[in-house]
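Here's the letter readout for the chains.
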Amino acid sequence: MTTTTNTAQVSLPSDREVKVVRRFNAPRALVYQAYTEPKLMKRWLTAMPGWSMPVCEMDVRVGGAYRWRWRNEDGGAEFGFTGVFRDAEPAARLSHTQIYDPGDVGGDMGDEALITVEFSEEKGVTTVTTLMDFGSKEARDAAISTGMTDGMEMSYQKLEEVLTEQSA
């Protein structure tokens, strides 16, 4: 398996939403696995230099909760997200609420966002489409101002490495 040269395509479909589309040279079952197994997520969802993900707890089922927490290894600052899965269709779709816990980092991203991730595959290439509904323009703009989409692309590059290793 080779890595793609794709980068995340970001759009703003409404005043409340951010849509991110990214392609990976891997079967969708493997990409879905990387999104739902904590040991794999901890390897790719920490692409920002100097940050780790010491907490990655997930009960991937409708009604199941998750808790993710990141830590800056230099200063010890932490932030995270919590939420509940609303949909978990294996290798096809994940949907969950998302509540930002600013921890030591600060900031406000509104009360609760709804994140929907869809996985589709054609000829061994999986397209991941993530739609984030932040509930308001202010919350969406606050999330974007954090550099969120740049961080997502950095994580996706790490995900490509994990997918290559997992398929070997």
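Starting from 1, residues in each chain are numbered consecutively following that chain's sequence as written. With pLDDT at 70 or above as the cut-off, local features in this predicted model cover only qualifying residues; side-chain atom pairs require 80 or more to be listed or tallied, and sums for whole chains, interfaces and linings still use all residues. Each side-chain value is derived from all of the structure's non-hydrogen atoms; neither hydrogens nor water enter the calculation.

Peer 1: Outline the nonpolar core, listing residues and values.
Peer 2: Core analysis: the largest hydrophobic core is formed by 41 residues, its most contacted members being Tyr35, Trp44, Trp68 and Tyr156. Broken down by element, this core gets its largest block of residues, six residues, from helix α4 (residues 148–167). Contacts are assigned to residue pairs that have any heavy atoms within 4.5 Å of one another. With residues up to four places along the chain from it excluded, the contact list for Trp44 reads Ala34, Tyr35, Ser155, Tyr156, Lys158, Leu159 and Val162. By convention a nonpolar core is built from buried Ala, Val, Leu, Ile, Met, Phe, Trp, Tyr and Cys residues, the set being connected through side-chain atoms within 4.5 Å. For every residue, the accessible area obtained with a 1.4 Å probe (protein chains only) is divided by the maximum for its type, and the residue is called buried under 20%, exposed over 50%, and partly exposed between those limits. Under the scheme used here, helices are H or I runs from DSSP no shorter than 4 residues and strands are E runs no shorter than 2 residues, and both carry numbers assigned from the N terminus.

Peer 1: Give a detailed account of the environment of Trp51, specifying residues and quantitative values.
Peer 2: Mapped onto the elements of the fold, Trp51 is located in strand β3 (residues 51–58). For Trp51, a relative accessible area of 23% puts it in the partly exposed group. Each C-alpha atom of the pair Trp51 and Arg93 lies 28 Å from the other, and the pair is 42 residues apart in sequence. Those residues in contact with Trp51, other than ones at most four positions away along the chain, are Thr46, Trp70, Arg71, Asn72, Ala77, Phe79 and Val105.

Peer 1: A description of the side chain of Thr126 should follow, citing residues and the corresponding values.
Peer 2: Inspection of the secondary structure assignment puts Thr126 in strand β8 (residues 125–133). Judged by its relative accessible area of 0%, Thr126 is buried. The term polar contact refers here to a pair of N or O atoms within 3.5 Å; inside protein, the definition further demands a hydrogen-donor-capable atom paired with an acceptor-capable atom, and it admits residues adjacent in sequence only when both atoms are side-chain atoms. Here the side chain of Thr126 touches Arg28 through a polar contact of 2.8 Å, landing on its backbone nitrogen. Discounting residues that sit within four places of it in the chain, Thr126 has contacts with Arg22, Arg23, Phe24, Ala26, Pro27, Arg28, Val31, Phe119, Ser120 and Glu121.

Peer 1: Tell me about the pattern of salt bridges, and name the residues and values.
Peer 2: We count a salt bridge whenever a side-chain nitrogen from Lys or Arg sits within 4 Å of a carboxyl oxygen from Asp or Glu. For the structure on display, the rule yields 15 salt bridges. Asp141 serves as the salt-bridge partner of Lys137, at 2.7 Å between the closest nitrogen and oxygen. Note that Lys137 and Asp141 are positioned in helix α3 (residues 137–145) at a spacing of four residues, about one turn of the helix. Using a relative accessible area of 27% as the deciding quantity, one classes Asp141 as partly exposed. Taking the shortest distance from any N to any O, the salt bridge between Lys158 and Glu161 comes out at 4.0 Å. In this pair, Lys158 and Glu161 are both assigned in helix α4, three residues apart and thus about one turn of the helix distant. Note on Lys158: relative accessible area 32%, which makes it partly exposed. Each member of the salt-bridge network shares a partner with another, and the members are Arg69, Arg71, Glu78 and Asp101.

Peer 1: Before we move on, could you go through the side chain of Thr127 and cite the residues and values that matter?
Peer 2: Along the chain, Thr127 falls in strand β8. Residues contacting Thr127, with those up to four places away along its chain left out, are Val21, Arg22, Arg23, Glu118, Phe119 and Ser120.

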